[in-house]
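Overview (structure and organization)
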Amino acid sequence: MKKMSLFVVAIFVLLGISGCGSMYNYTVDPTPIKKDSAKYVLKKFDLNLQHGHGQNINNKTFKSEADLRKSFIEFVNLELKEQGLLGAKNSFKVAIDMDYTRNYNYGGNALNKPEFFYTVSVYSVQNKLLANFSIPKSTTTYGTFKDLAISTEIAIFKWDAEDEPKDIAMIAKTLVRELSKLGK
């Protein structure tokens, strides 16, 4: 009987983790964010760069944390524009806090897929928090065939500093796609 109880509890925990419902947390009800017409401007982007196992500190080809942050800002703004979500001064303000782990391949001169997680907060023009969401630790996913090609490059130590912007662009695309679903 005790094993059955533990099993039932485990099922409820798993259902709670995978959960129904939205990943979005609205702090104002009803939310003034309209899903089909909201426009956003990037107010803040904080990046915490971590180095995974195997970093070669003598390899200076990888971007610094400041340069990586600039790249993320550029790609997020580009993606906002491409998805028709880029606003102006009187738009909703977006603040992003991201932890990004650069994972190195053997020798520290090539890369494995990065790991990242972020929190996105959306503010009114008057700087009132309206909504936020976050994702758990994740990695880039490109789709079956492209992922296979990238995995092959990683396996033969060819995915390097020149390829990291592809990962940054993919993360920005995913983040903005999630932001586009915000609102009612």
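Structure report, in brief.

Things to note about the environment of Ala 161
Following the sequence through the fold, Ala 161 ends up in the loop between helix H3 (144-155) and helix H4 (164-180). Among residues more than four places away in sequence, those in contact with Ala 161 are Thr 61, Phe 62 and Leu 111.

Looking at unusual backbone geometry
Residue Pro 30 follows Asp 29 across a cis peptide bond; omega there is 0 degrees. Mapping Pro 30 onto the fold places it in the loop between strand S1 (25-26) and strand S2 (40-51). Despite not being glycine, Asn 127 shows a phi value in the positive range, around 70 degrees. Secondary-structure assignment places Asn 127 in the loop between strand S4 (115-123) and strand S5 (129-134). Residue Asn 127 is classed as partly exposed on the basis of its relative accessible area, which comes to 42%.

What counts, and where the lines are drawn
- Residues numbered from 1 in each chain as written.
- Predicted model: local features only at pLDDT ≥ 70, side-chain atom pairs only at ≥ 80, totals over all residues.
- Heavy atoms only, no water.
- Helix = DSSP H or I, 4+ residues; strand = E, 2+ residues; numbered from the N terminus.
- Contact = heavy atoms within 4.5 Å.
- Buried < 20%, exposed > 50% of the residue type's maximum accessible area, 1.4 Å probe, protein only.

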